[in-house]
Each structure stands twice: as structure tokens, then as C-alpha cells.
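# A look at the structure
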Amino acid sequence: AILGTLVAVMNSLVLNAIFPGGAKNAKANGYAESIAWADIVVVSFLLIFMNVSDRFRTFGLFYLAMFMMHFMNPESTAIFSRNFEINWNGTGISYLLVCTSGCVLAILFTLLPYPRLVSTTVLSECTVTAATVCVVIEQVTEIYLGSSATSALHSKCEKAADGIAEKLKELESRTELMWWEGFDIGRLGARRHLLVRFVALLKKLMDIVHGLEHAARVEEPVEGGLLKELTPEIQQLISSMCATLVGPGGIVDFMGDGDLAHHEVDTLLRRAEELRREVHSISRHYTGLRVEGGHPTLSIFLLEEDYFVYNMSALAHAVREFAMTVQKPDERDLQKEVETSLLDLVDPNATRGNLNFVFRAYVAYMVAFLAGVYVFGYDFLLPATIALVLSKFTGSALERNLGRMQGVVLGLVLPVIVLTQLPTCGNGAGTWAFLLLIFLFIGLCLYIYFSATDRYAFIGMLTAAFAAQSFFQPCNGDGRVVGASLHFFRVVVTITAIFLMAVIDLSMTSERPSEAFQFHTAESLRLAKKALTRFYDGREMGKLLVSTVALEVDRAQDMAVQANHEPRFWRTAFPARMVQPVLSEIEDLCADLRILHRASHVYKTEHAGHPDIDALLRPVRKEPVWKECVSDMLTQFDAVSTLLARVLAHESSSANEHLLNYQHNMQANDRIEDLVDAITPLLSYAPELDVLDDPRARIGVAIFIINSVHNRLDFVVEAVMRY
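Residues numbered from 1 in each chain as written. Predicted model: local features only at pLDDT ≥ 70, side-chain atom pairs only at ≥ 80, totals over all residues. Heavy atoms only, no water.

## Observations regarding the overall build of the chain
Secondary structure assignment for the chain yields 27 helices and two strands. Counting every position in the chain, which comprises 723 residues, the buried fraction comes to 49%. Considering only residue pairs separated by 6 or more positions, the chain has 79% of its internal contacts joining residues 24 or more positions apart. Total accessible area on the chain is roughly 34,000 Å²; 60% of this is exposed by carbon and sulfur atoms. (Helix = DSSP H or I, 4+ residues; strand = E, 2+ residues; numbered from the N terminus. Buried < 20%, exposed > 50% of the residue type's maximum accessible area, 1.4 Å probe, protein only. Contact = heavy atoms within 4.5 Å. Areas by Shrake-Rupley, 256 points an atom, 1.4 Å probe, with all protein chains shown as cover.)

As C-alpha cells, then:
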């Protein structure tokens, strides 16, 4: 807000230095209107084009319209600084001071009655979320161990995992925005960096838990039965992990100060070493049980147990890695960060559809500015209102603009009704009644803003903003009420701006949100198939590729929200009920990809590990049945992707026909059994290795995920059939 206002003020300061007084002093300063138009054309374009925050853009364009109208109006009575000499009573400086004062007061009030720092709240919520993660891990373990393998518990785990995922997204966003509390320096800066890393750790843990939760069998116990022999050790490992995370003297306790003392570091290192020993003990005990039972190196009946033990080791490794590196500060290249930020600021393709947004917003703003000059006589209200309603959220543009209209009308009309009924002028009771009225009205609007859903929250905010203009009027013979004609004019201009923005949005949007959703969904599936192909061909899939798949899923979810509210007119309704389970399965597929990425690395003494996927799969890739299993998986992937694309495109006849023609390859499961039998003689036991480094266990995970991908694709088809 302050920076956006500052840009408009600095622009006004420069223009008034070149042409002191603007158009009203044209004879004395040689005012050239062409320069003023060039300025508004260039500055408004830059504010819309640059990838700045919405609040920065809104305040910048709002005050740019106001100051430029005063500068170009030959009859303006506004006072501005001239010749780079600051006039503290000038219009621009006054608005900048008011904006700055409001922001400073908002920050100061967070310190009353005691400091309420975002970092403190986030730390508390991270503690609760970490404890919930531990509970979910325990519940998933109960399912695998067979002690509580019920559908109710599985459903409970699934809901808890989804809730944690949503909470982690919120925490991730809040940790990014809390930099201003310490400006990333000192104790508060160190605390923020620790919280960012801790949230990333929780996300990593939940990726593994998602994979375990999806693969857990509910209707029947695990077939191998070896896990029951490991129950005490597994429970002890979970207890140690949770104690390291949220127990007394755990990671959360030490993050509060933002700086770890030597004894705190020693405590975490000791716990990390305990985790290593416990994981190694489970690995050796599990391998010993297999050898004693005469089980082959791979068994179709033990794949699920192999998968569980591997992922439990991965959970412990992630916690141990964090505990061992928590005292090491992040290596930051400030020069590279600055360069990247500047490039991102002017990147026209930062987000899909960004250029179209720039075009729509710029056309709307300039049309409104031209109308403000030549139709409404240098009135800034029309372009200023356009600045308020600009949004990249195109899906519900019409719905949101109608909501904005409600907020503006309520903010302009309700104060007039109230002020005509209550005496708010004069000394004594009138003044107190006026103050109490403002407190109650604005308080109610802000309550709506902070507590209502996104659909109605901004209506409360706009009502409060416009009501303030109506309330703060000088007393006259009729009280504080402003003339009805002025309010009517404001309402008409606001409706005109909203109508203009809605028409431009609907006519110039190059891609509807539903189309963008189809693109991002198809792209996520295409990239997921690419990652799977790389892995099973013995090539490193790359962490960036896995992250890009997850990013495309997030974008698809954002577009789905917009598409559900977009005006459909004659088009078929957006399949919102089908979309959510489909995206949920693709998200779980991302968790599978992350597990595969981990399985493609050998760790030993390294925290990050190094890839050895080619050496790992070289012996088994030669087997014909390996190629057949991978081909089955990728063929089904293509079939489901095509089916989903046609359904989302609303090609109803071809989609139904394709759905009827779709058949799951029933031979796929038989081939997986043949694959296990074929490669078992090629593998050997390595009891001295941890599960994370054992080639036998890692290949077992790869085979298990082939079956998992088949299941996820079947669930996608099931969601389409229900729709």
C-alpha cells in the first residue's frame, strides 16, 4: 500500500517539477498536455505489467488517477509540491502520510495488549500441525500392523491427511509474508527461516504419509505377517520421531528463539543418532526375519511390507536430516536473489494468461481515464474504481464485480440513512454518538471482512472503505449528510466502472478458467508420465520435474475454483464434483513420484544422497516382463488421460463412447507377479545396509508403485463414471 502510493506521489512530484502547478498554471510553466498523456500511458502500463502484489497495483493506479486528474485539470484547486520542494500540506504528501500512518498504526495495534507476532502464531500452529502429523503416522501404522485395520480408521486418516495438507499450504503462505517482522535479520529473521524449513519438513513427511495411507489395505490384513514381529521397534521409532519433532527439547522448542545454543544442538544431534540406530535395527531385524522365514528376496506377498518399512525409514531419515542440519544457516546468494527478483518483476509469462490480464486491465483503465477526462470533467472516480476491481481472478469476475457493487452501494447509502436519523453534530452527546456510530459500523464491516468466506469478505471491506467517506463530512444545517446528487453520481460511476470491467473481461479473456483447468490438468498428467518414463527407463527423473508436476496440480486447483464460478451461459455446467476426486488422485500420484525420486538415490552417510538409478535398474531392465509391465502402466496412463481430456472438454458423445471402450488391463496384475518371479534370482540380501540403501528394497518400492499407479488411474476412471 505504501509503495504503491509512493510511486504515484513520486510521479506527481516529477511532473510538478517540470510543469509547476500543472494545467491550471499552463501560461507560466509551458504546460504540454501531450507530456501528461504520455506519462499516464507509460506509468499505468508499468504498474499493470509488472508482477507486483495486487495491493501495490491497486494503490498505485488509484492515486495515479487522482493525482493526474488534478494535474491535467485547469480548474483544479489541489495543491502539490513544486520544483522538488516538499510541500507537507500538499495533496500527494498528505495522502502518503495518511497511508503510512494507517499502516504504522495497524502494525502498532498488533502489539496491544501484548505483541501478537505472526511468527509466534505460526510457531504455535506448526507445533499443533506436527503433533497431528504424528497422530496420522501412528494411525496409518496401526492399519499396516493389522491392529485397527478398519474402513473408519482409514477414512479418518484420509480426512486428517487432507486437512494437514491444506493447513501446510496456509502456513507456507504465512511464513513467506512474515518477513517484515524482522526483515530477515536477527533473531526474528532466523526464526522465520527455521519455520520455512520446518514447514517444508512437514510437507515432506506428509508426502510419504499420503503414499502409505493410499496403499494401506483395509479389508484384509497385510499378507506377509512380518510386521507384527517388528511392532515394538516400529512404535519406538515413531515415538522417537515425534519426540524429536514436538517433544520436550525437540525441534519445535528450539525454533522459538531462532538461535540454537550448543547444548540444544547436542541434544538434537543425540536424538538424530538415536533415530539412525533405530532405523538400522529395524532394517537388520526385518531382513533377518525374511531370511529366517526362507522368503525370497522379493515376494508379491511382502511388497506391501517392504513398501511400509522403506517409507518408515524415509520418515525417520527426513526428521534426522533436519535435526542434523537445523543449526546450519541456509546458504544464500543475495546477488542472485536480487537478480532473480528483478527478472521475475518484468517477466511477461510469469503466470499463464498474464499477458491477457495486462491487456484487459490496461484497456479498461485507459478507457475509464479517457471517460473521466472527457465525459465526467476530470473526475478520477471512474479509473480509480477500475483500479479497485482489477483482478486476475477471471472465473467469477461477473459475480465478484456484482459483490463489489453491493459493497460500494451499501457503503454510500447506509451512512446517509443512519446520519439522517441520528443527531451527530454539536458538542457533547452528538460527538459521542458520532464516534460510537463509526466504531460500531466500521467494526461490523471489518468483522464481516475477517470472518466471512472469500465470497462475502471483500463486500464488508468495500462497505467500510466507502462508508468512511460518507461518515466524515462537515456539519451543516442539515447535519452531516452530503447531498443526494453526489451519492447518486458516485453510485452511477461505480456501476459504470463495474459494467465496463465485466464487459471487457467477458469479451477479451483469451482463455476461460475451465480451459486453463483442462490445460493444467493435462500438463500435470503429461509431466507425471514423463517422470515415470524416465525412472523406469533408468534415467534420473529430476527433482525439478517432480516439483513442476505438483505446481501444475496446484494451478489446476486454482483454476477449478474459478471455473466453478465462471458464467457458463449456454455451455455445460463445470463438473466440480468430478474434479475434486480427480485432482486428489493426481496429488497422490505426485506423492508416488516423490517416493520414486527418493528410491532413485542412495544415501549411506549423505543427507541429500546421490542418484544411482541406472546402476539400480540395469540388471532388471533387461527382463522382457519389466518392459511389459512398464508398457502396461504407460498405456493405461495414456488411455485415462485421453478419457479425462474428452470429458473435461464436454465432448459428451465421444467422451461417453470412449468411457465405454475403456478397459482396465486385467493382465497387468498377473504381469507384476511374473515380474517379481523373474527378477528375484537377480537380487540378494544386504543385511548390513539400511533399507533406504538396499537395492532389493528400492526395486520392491518401484514395483509396488507400478501397481499403485494402476490403482490411482482406476480411481480417476471411477470418478469420471460417477459423474
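So much for the structure itself; the text now carries on.
## Thoughts on a nonpolar patch on the surface
Residues Val104, Leu105, Leu108, Phe109, Leu111 and Leu112 make up a contiguous nonpolar surface patch of about 540 Å² in total accessible area. Relative to the helices and strands, Leu112 resides in the loop between helix 5 (91-109) and helix 6 (118-145). (Patch = residues over 30% accessible without salt bridge, like charges linked within 9 Å, V, L, I, M, F, W, Y side chains within 5 Å. Salt bridge = Lys/Arg side-chain N within 4 Å of Asp/Glu carboxyl O.)

## A few points about the pattern of salt bridges
Under the counting rule described, the total for this entry stands at 25 salt bridges. Ionic pairing is found between Lys169 and Asp554, a salt bridge with its closest N-O pair at 3.8 Å. A residue pair is termed long-range when its members are at least 10 positions apart, and Lys169 in helix 7 (residues 151-177) and Asp554 in helix 21 (residues 543-563) qualify at 385 residues. Assessed through its relative accessible area of 31%, Lys169 is described here as partly exposed. Between Arg276 and Glu273 there is a salt bridge; the shortest N-O distance is 2.8 Å. Of the two residues, Arg276 and Glu273 both sit in helix 11 (residues 262-292), three residues apart, roughly one turn of that helix. Residue classification places Arg276 among the partly exposed positions, given a relative accessible area of 31%. Residue class for Glu273 comes out partly exposed when judged on its relative accessible area of 31%.

## Comments concerning the environment of Ile164
Within the secondary structure layout, Ile164 lies in helix 7. Those residues in contact with Ile164 that lie beyond four places of it in its chain are Thr129, Thr132, Val133, Val136 and Met206.

## Quick word on the nonpolar core
Membership of the largest hydrophobic core comes to 136 residues, with the highest contact counts inside it found for Phe198, Tyr536 and Ile703. Broken down by element, this core gets its largest block of residues, 14 residues, from helix 27 (residues 695-722). Setting aside its immediate chain neighbours within four residues, Phe198 contacts Cys126, Ala130, Leu245, Ile251, Val252, Met255 and Phe322. Judged by nonpolar contacts, the second largest core, of 55 residues, contains Phe56, Leu64, Met69 and Val358. (Core = buried A, V, L, I, M, F, W, Y, C linked by side-chain atoms within 4.5 Å.)

## Structural notes on the side chain of Asn356
With respect to the helices, strands and loops of the structure, Asn356 is situated in helix 14 (residues 354-374). Side-chain polar atoms of Asn356 contact the side chain of Arg360, separated by 2.8 Å. (Polar contact = N/O pair within 3.5 Å; in protein donor to acceptor, adjacent residues only side chain to side chain.)

## What about unusual backbone geometry?
In this structure, Tyr378 is a non-glycine residue whose phi angle is positive, near 60°. Within the secondary structure, Tyr378 sits in the loop between helix 14 and helix 15 (381-389).

## Focus on the packing of helix 3 (residues 33-49) against helix 4 (residues 54-72)
Where helix 3 meets helix 4, the closest approach of the two axes is 10 Å, and the angle between their N-to-C directions is 175°. Between helix 3 and helix 4, the interaxial angle falls into the category roughly antiparallel. Every residue of helix 4 that contacts helix 3 at Glu33, Ala36, Trp37, Asp39, Ile40, Val43, Ser44, Leu47 and Ile48 is listed here: Phe56, Arg57, Gly60, Leu61, Leu64, Met68, Phe71 and Met72. (Axes fitted to C-alpha atoms, helices over the stretch in contact; angles between N-to-C directions. Parallel < 35°, antiparallel > 145°, perpendicular 65-115°, else oblique.)

## Some remarks on the confidence of the model for the chain
Looking at the chain as a whole, its pLDDT mean stands at 82, while 87% of the residues score no less than 70. Within the model, pLDDT remains below 50 along residues 651-655, and this stretch shows five contacts once partners closer than five positions in the same chain are excluded. (pLDDT = per-residue confidence, 0-100.)

## Thoughts on helix 8 (residues 186-215)
It helps to recall that an α-helix has 3.6 residues per turn; residues three or four apart then point in one direction. Its 30 residues give helix 8 an end-to-end C-alpha distance of 44 Å, which sits within 8% of 44 Å, the value for a rise of 1.5 Å per residue. The buried fraction of helix 8 amounts to 21 of the 30 residues, a majority that puts the element mostly inside the structure. (Expected span 1.5 Å × (residues − 1).)

## Here we look at the packing of aromatic side chains
If you walk through the whole model with that rule in mind, you get 20 aromatic pairs. With a centroid separation of 6.1 Å and 10° between ring planes, the pair formed by Trp37 and Tyr374 is classed as stacked. With Trp37 in helix 3 and Tyr374 in helix 14, this residue pair connects regions lying 337 residues apart in the sequence. For Trp37, a relative accessible area of 15% corresponds to the buried category. Centroid distance Phe198 to Phe322: 6.0 Å. Interplanar angle 70°. Geometry classified as edge-to-face. Taken as a pair, Phe198 in helix 8 and Phe322 in helix 12 (residues 303-325) lie far apart in primary sequence, 124 residues in all. (Phe/Tyr/Trp six-rings, centres within 6.5 Å; stacked < 30°, edge-to-face > 60°.)

## Side note on the packing of helix 14 against helix 15
Two numbers describe how helix 14 lies on helix 15: the axes approach to 7 Å, and their chain directions differ by 160°. Between helix 14 and helix 15, the crossing angle belongs to the class labelled roughly antiparallel. Classified by chirality, the crossing of helix 15 by helix 14 is right-handed. Facing Ala364, Tyr365, Ala368, Phe369, Ala371 and Gly372 of helix 14, the residues of helix 15 in contact are Leu382, Pro383, Ile386 and Ala387. Split by residue class, the contact of helix 14 with helix 15 holds nine nonpolar, one polar and no charged. (Left-handed = near helix turned anticlockwise from the far one by under 90°. Nonpolar A, V, L, I, M, F, W, Y, C, P; charged D, E, K, R; others polar.)

## Examining the side chain of Asp592
Tracing the sequence through the fold places Asp592 in helix 22 (residues 576-599). Among the polar contacts listed, one links the side chain of Asp592 to the side chain of Arg712, at a separation of 2.5 Å. Each residue touching Asp592, except ones within four places of it in the same chain, is listed here: Gly211, Tyr307, Ile705, Ser708 and Arg712.

## Some remarks on a negative patch on the surface
Where like charges cluster on the molecular surface, the negative patch consists of Asp670, Glu673, Asp674 and Asp677. Following the sequence through the fold, Asp670 ends up in helix 26 (residues 667-679). Residue classification places Asp670 among the partly exposed positions, given a relative accessible area of 45%. (Lys, Arg positive; Asp, Glu negative; His and termini not counted. Charge placed at Lys NZ, Arg CZ, Asp CG, Glu CD.)

## So, the environment of His710
Checked against the element boundaries, His710 lands in helix 27. The sequence separation of His710 and Asn669 amounts to 41 residues, and the corresponding C-alpha distance is 9.2 Å.

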